[in-house]
Amino acid sequence: MTSVASSLFLSSQHSEVWRLVSIMEEHKSEIADWDLGAGIYIEFYTLRTAFQDNQLMEEMDSLEKKNVACQNFYVHLNQSLCLWRSKFAINARVTFSKMADEVASLLMSENKKDAHTRSLQMSCFDTITDAPVPEDLRLCHLQDAVSVFTSWISEFGQ
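Notes on the structure in this doc start here. (Residues numbered from 1 in each chain as written. Predicted model: local features only at pLDDT ≥ 70, side-chain atom pairs only at ≥ 80, totals over all residues. Heavy atoms only, no water.)

### Description of the packing of aromatic side chains
What counts, and what does not: Stacked, tilted and edge-to-face are the three classes assigned to paired rings of Phe, Tyr and Trp, where Trp is represented by its six-membered ring and a pair needs centres within 6.5 Å; plane angles under 30 degrees give stacked, over 60 edge-to-face, the rest tilted. For the exposure calls, accessible area comes from a 1.4 Å probe over protein chains only, and a residue counts as buried if that area is under 20% of its type's maximum, exposed if over 50%, partly exposed in between.
Under the definition given, this model contains 8 aromatic pairs. A centroid spacing of 5.2 Å and a plane angle of 65° characterise the contact between Phe44 and Tyr45, whose relative ring orientation is edge-to-face. Note on accessibility: Phe44 and Tyr45 belong to one class, buried. Between Phe44 and Phe73 the ring centres are 6.2 Å apart and the planes differ by 35°, which places this aromatic pair in the tilted class.

### Let's talk about a nonpolar patch on the surface
The following threshold applies: For patches, a residue must show more than 30% relative accessible area and have no salt bridge; joins then use 9 Å for like charges and 5 Å for nonpolar side chains, namely Val, Leu, Ile, Met, Phe, Trp and Tyr. Residue exposure ignores everything except the shown protein chains as possible cover, and the areas themselves are Shrake-Rupley values with a 1.4 Å probe. Think of a salt bridge as a Lys or Arg side-chain nitrogen and an Asp or Glu carboxyl oxygen that are within 4 Å of each other. Every helix listed is a DSSP run of H or I at least four residues long, and every strand listed is a run of E at least two residues long, numbered separately from the N terminus.
On the surface, Phe149, Trp152 and Ile153 cluster together to form a nonpolar patch covering roughly 280 Å² of accessible area. Here Ile153 lies in helix α7 (residues 135–157). In this structure Ile153 comes out as partly exposed when scored by relative accessible area, which is 42%.

### Topic: the packing of helix α4 (residues 63–84) against helix α5 (residues 90–113)
Defined as follows: Axis lines are fitted through C-alpha atoms, for helices just across the contact stretch, and the angle between N-to-C directions can take any value from 0 to 180 degrees. By the definition adopted for this analysis, an angle is roughly parallel if under 35 degrees, roughly antiparallel if over 145, roughly perpendicular if from 65 to 115, and oblique otherwise. Less than a right angle of anticlockwise turn of the near helix away from the far helix marks a crossing as left-handed, whereas a clockwise turn marks it as right-handed. Should any heavy atoms of two residues lie within 4.5 Å, those residues are counted as being in contact. Classification convention: Asp, Glu, Lys, Arg as charged; Ala, Val, Leu, Ile, Met, Phe, Trp, Tyr, Cys, Pro as nonpolar; all other residues, Gly among them, as polar.
Where α4 contacts α5, the two axes come as close as 11 Å, and the packing angle between them is 165°. With respect to α5, the element α4 is oriented roughly antiparallel. Judged by the sense of rotation from one axis to the other, the crossing of α4 with α5 is left-handed. Only Arg93, Phe96, Met99, Ala100, Val103, Ala104, Leu107, Glu110 and Asn111 of α5 make contact with α4, whose side of the interface consists of Leu63, Lys66, Asn67, Cys70, Phe73, Tyr74, Leu77, Ser80 and Leu81. Considered class by class, the residues forming the contact of α4 with α5 number 12 nonpolar, 3 polar and 3 charged.

### A word on the nonpolar core
Selection rule: The term nonpolar core refers to a set of buried residues drawn from Ala, Val, Leu, Ile, Met, Phe, Trp, Tyr and Cys, joined through side-chain atoms within 4.5 Å.
One finds Val17, Tyr41, Phe73, Tyr74 and Met99 to be the most contacted residues of the largest nonpolar core, which totals 39 residues. Beyond its immediate chain neighbours, meaning those up to four positions away, Tyr74 contacts Ala100, Val103, Ala104, Thr127, Ile128, Asp130, Ala131 and Pro132.

### What about the pattern of salt bridges?
Under the criterion given, the structure shown has 4 salt bridges. A salt bridge links Glu102 to Arg48; the nearest nitrogen and oxygen atoms lie 3.3 Å apart. One end of the pair, Glu102, is in helix α5; the other, Arg48, is in helix α3 (residues 38–52), and 54 residues separate them in sequence. Look at Arg48 and you get buried, because its relative accessible area is 17%. Across the pair Glu135 and Arg138 runs a salt bridge whose closest N-O atoms are separated by 3.2 Å. Separated by 3 residues within a single helix, Glu135 and Arg138 lie in helix α7, roughly one turn from each other.

Here it is in structure tokens:
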């Protein structure tokens with residue numbers, strides 16, 4: 001399933017991925033390591049929907065709650081990568097990296113929307129550093145964090 005879902009995901013057939021994993025979800029108690037396999041896709045699409053449509057997901061109405069949800073998602077992604085390391089095709093690793101980067105972008109976009117406390121902003125950056133993404137993407141996010149921190153220090157010093 002993981003190789004089929006990742007191929008569909010990479011070819012942007014998200015409705016088909018959602019359809020397949022939704023069908024499988026009905027049998028998740030019978031599927032070993034559901035949460036670290038097909039369950040990752042359910043978690044990703046649910047999280048993405050929460051960011052894109054706040055009306056749909058009232059339980060994730062604040063940046064703090066979204067940040068915690070992202071932290072949990074990254075923990076599951078990293079656990080899945082550890083569990084399936086030798087069995088994962090390159091497509092699956094690329095898929096997880098794309099998922100992680102999209103969630104990071106959504107979190108950063110949400111972080112920039114309203115005035116949030118600096119500690120919450122920095123907490124979001126901390127969350128993103130746990131994302132299983134390539135180093136060049138991680139460095140871009142770290143540069144953003146340094147920029148926010150520098151701004152904070154300059155405001156504090158005035």
